[in-house]
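# Summary of structural features
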Amino acid sequence: MTKINANFLKLPGSYLFSEIARRVNAFTEANPNCSLIRLGIGDVTLPLAPSVIAAMHEAVDEMGKKESFKGYGPEFGYDFLRQAILEHDYKARGVELEIDEIFISDGAKSDTGNIGDIFCTDNIVAVCDPVYPVYVDTNAMAGRAGDYINNKWSRLIYMPCVEENGFLPKIPEQVPDMIYLCFPNNPMGTVATREQLKVWVDYARDNGSVILFDSAYEAFISEPDIPHSIFEIEGAKECAIEFRSFSKTAGFTGTRCAYTVVPKALVRDGASLHALWARRQSTKFNGVSYIVQRGAAAVYTPDGQREIRENIQYYKENARVIREGLSAAGLKVYGGVNAPYIWCKTPNGTGSWDFFDRLLNEANVVTTPGAGFGPSGEGYIRLTAFGAAQATKQAVERIAAIL
Ligand code: MLT
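Computed from a predicted model, the values in this text were never measured in an experiment. (Residues numbered from 1 in each chain as written. Predicted model: local features only at pLDDT ≥ 70, side-chain atom pairs only at ≥ 80, totals over all residues. Heavy atoms only, no water.)

## Here's the deal with the overall build of the protein
Broken down by element type, the protein carries 13 helices and 17 strands. By the compact-globule yardstick of 22 Å for 403 residues, the protein fits well, its C-alpha radius of gyration being 21 Å. Looking at the protein as a whole, 55% of its 403 residues qualify as buried. For the protein, the share of sequence-separated contacts (at least 6 apart) that also reach a separation of at least 24 residues comes to 74%. Per element, the accessible surface of the protein, about 17200 Å² overall, is 51% carbon and sulfur. (Helix = DSSP H or I, 4+ residues; strand = E, 2+ residues; numbered from the N terminus. Rg over C-alpha atoms; globule rule 2.2 N^0.38 Å. Buried < 20%, exposed > 50% of the residue type's maximum accessible area, 1.4 Å probe, protein only. Contact = heavy atoms within 4.5 Å. Areas by Shrake-Rupley, 256 points an atom, 1.4 Å probe, with all protein chains shown as cover.)

## Here's the deal with the environment of Asp225
Looking at the element boundaries, Asp225 is found in the loop between strand 8 (210-214) and strand 9 (240-245). Remark: the alpha-carbon pair of Asp225 and Thr193, spanning 32 residues in sequence, is separated by 7.5 Å. Within the structure, Asp225 has its side chain in polar contact with the side chain of Arg194 (distance 3.3 Å). (Polar contact = N/O pair within 3.5 Å; in protein donor to acceptor, adjacent residues only side chain to side chain.)

## So, the side chain of Thr249
You can see Thr249 is positioned in helix 8 (residues 247-250). Judged by its relative accessible area of 11%, Thr249 is buried. There is a polar contact of 3.2 Å between the side chain of Thr249 and the backbone oxygen of Ser245. Once residues lying within four places of it in the same chain are set aside, the contact partners of Thr249 are Ala216, Glu218, Ala219, Ile308 and Ile312.

## A few points about the domain arrangement of the protein
Partitioning the protein into structural domains gives domain 1 (9-47 + 303-402) and domain 2 (53-301). Put simply, the middle of domain 1 and the middle of domain 2, counted by C-alpha atoms, are 25 Å apart. Taking both sides of the interface into account, the surface hidden between domain 1 and domain 2 amounts to around 3200 Å²; carbon and sulfur atoms contribute 60%. Area buried by domain 1 at its contact with domain 2 is led by Tyr15, Asn338 and Phe373, which between them contribute 21% of it. For the pair domain 1 and domain 2, the interface holds 3 salt bridges. The partner of Lys345 in a salt bridge is Glu163, and the shortest N-O contact between them spans 2.7 Å. Linking domain 1 with domain 2 are 19 residue pairs in polar contact (both at pLDDT 80 or more). Within the residue set of the side of domain 1 that touches domain 2, elements represented by two or more residues are helix 11 (302-328), strand 13 (333-335), strand 14 (341-345) and strand 17 (380-384). Among the elements that line the side of domain 1 that touches domain 2, the one with the most residues is helix 11, at 8 residues. Broken down by class, the residue content of the side of domain 1 that touches domain 2 amounts to 18 nonpolar, 9 polar and 8 charged. (Domains from an automatic or database assignment. Buried area = accessible area lost by both parts, 1.4 Å probe. Salt bridge = Lys/Arg side-chain N within 4 Å of Asp/Glu carboxyl O. Nonpolar A, V, L, I, M, F, W, Y, C, P; charged D, E, K, R; others polar.)

## Concerning the packing of aromatic side chains
What characterises a pair of aromatic rings is the spacing of the ring centres plus the angle enclosed by the ring planes. Under the defined criterion, the tally for this structure stands at 25 aromatic pairs. Plain terms: the ring middles of Tyr132 and Tyr135 are 5.4 Å apart, the flat faces sit at 85 degrees to each other, and that makes the pair edge-to-face. Like Tyr135, Tyr132 is buried. In this structure an aromatic cluster arises from ring pairing among Tyr15, Phe17, Phe167, Tyr334, Trp343, Phe373 and Tyr380. The positively charged end of Lys70 is found above the aromatic ring belonging to Tyr290, 4.6 Å away from the centroid. (Phe/Tyr/Trp six-rings, centres within 6.5 Å; stacked < 30°, edge-to-face > 60°. Lys NZ or Arg CZ within 6 Å of the ring centre and 35° of its normal.)

## Quick notes on the sheet that holds strand 8
One open sheet accounts for 7 strands, arranged 2-10-9-8-7-3-6; its pairing is mixed. Either end of the sheet is taken by a strand with one partner, and the two such strands are strand 2 (102-105) and strand 6 (156-160). Across the sheet, the mean angle separating the axes of adjacent strands is 20 degrees when strand polarity is ignored. Direction of pairing for strand 3 (residues 125-129) relative to strand 7 (residues 178-182): parallel, over a ladder of 2 bridges. Bridge assignment links Ala126 to a residue of strand 7, and that residue is Ile179. On top of the sheet, helix 6 (residues 133-142) reaches strand 3, strand 6, strand 7 and strand 8; it is set at about 155 degrees to strand 7, its chief contact. (Pairing = 2+ DSSP bridges. Axes fitted to C-alpha atoms, helices over the stretch in contact; angles between N-to-C directions.)

Here it is in C-alpha cells:
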C-alpha cells in the first residue's frame, strides 16, 4: 500500500490566500452586482514596462528563426541576466559576488519553499510571527515543524513581532539552525537597519545557523541607509542565502522570474550549500524561459529602470493614500513607507477574520486577516498598495465610511 507524506495531513485548512479566494468567491456568487475592491493578495495591477515588452517581443522573434532558436537554456540562468543582476543589484551597492552565485528561478515563493530540500529535516527553524505563510507551511510539509497545536507548530521557534518591539524579531532563547528573515517585511511592512541586521549575521555565524533572507520587496525601500541586501552586512556570505524577485519590482507576478543568491563561502556540516543548491536545481528545475529572462534583463536598461521606478512610485503613492486615509479614519497603521504593505490594527480589539468579513460585507473591500500570518497577527489586517490608484482611494473612503 502506498504511503503518503503524512506531514501534509497535519497542515491546517488551506493555504492562506486560497482560503481568502474561497471566501471572496462565495461573496461574489451571492452578490453578483457588487463592485469589490481587492487589496488582499499582493498582486500587481500595472502592465509590464514597455522595455520589458519590447525585449520579450524580440526574444519571441528569435525563437521563431532557425539561426536564433533556443532549446534548454543554461540550467542556472543566462549570463546576460545574471551579469545585469550582479552589476545593478550588488556591485552598485558595494557587494562583490561571483556570477555563478546567482541562480535564476521562477519565483521567490518556490525558492523559499524549495530551499528546505538542502537542509536536514531535524533542523530547528525560527520564523517571525506574523510571517509569510510559505516558510511555515513548507517546513511543515518537510516534517520540520512538528505538530500543529493551538494555532502553533510544536517544533518551530516563533519570534513575535508586535507593537511593543516595533514589529521586529528578537534573538530567540533556543538557538535555531535556520532563521527566516524578510525585509522589507511581508506582512508588516517594517525594515531592519544595518545595525539590526548585523546582530543577526553575527549571531548566525557564532551559532552556525543559516539566515534565509527574503528581500523580494527591496525596491520599495524609500529611506536612505536601509540595506537592500543582507550581503551589504559584513560576514553575511558565510551565513546567509538571499531571495529576490522581479514580481513586485517589475510586475512579473504572472510572468515569473526571480533569483536566489547562495554564496560559495556558505559551508555547513563540511558541505558547500552552493553546491547542494546547484545539485537540487539542476535535478528538479529546468530554468526560466529565454523570453522571460530577456524581459527581466530589460529591467536593468536605463529605460527599463525609469519605467519600473515610475510603477513603484505609483504603488508607493497608493501606500501613502491607505496609510494616511486609514489613520485619519482613526485606525492605527504601520508599514507602507518602505514596503507595499500596510499593517492595520483592527478597531476595538475585533478579531482579524471578523474585521476581514466586515470589510468584505459592508465596505466590499478585500484585505488579508493578520491572524492568517500567525498568532501574533491576530487583531490586525494587511492591505496591499498594488491596486489601481482610483480603486485604492475608493477602498479607503469605503472603509472610513463604515467605521
Ligand atoms: C502576498 O500577498 O503576501 C504575496 O503576494 C504572496 C506572494 O508573493 O506569494
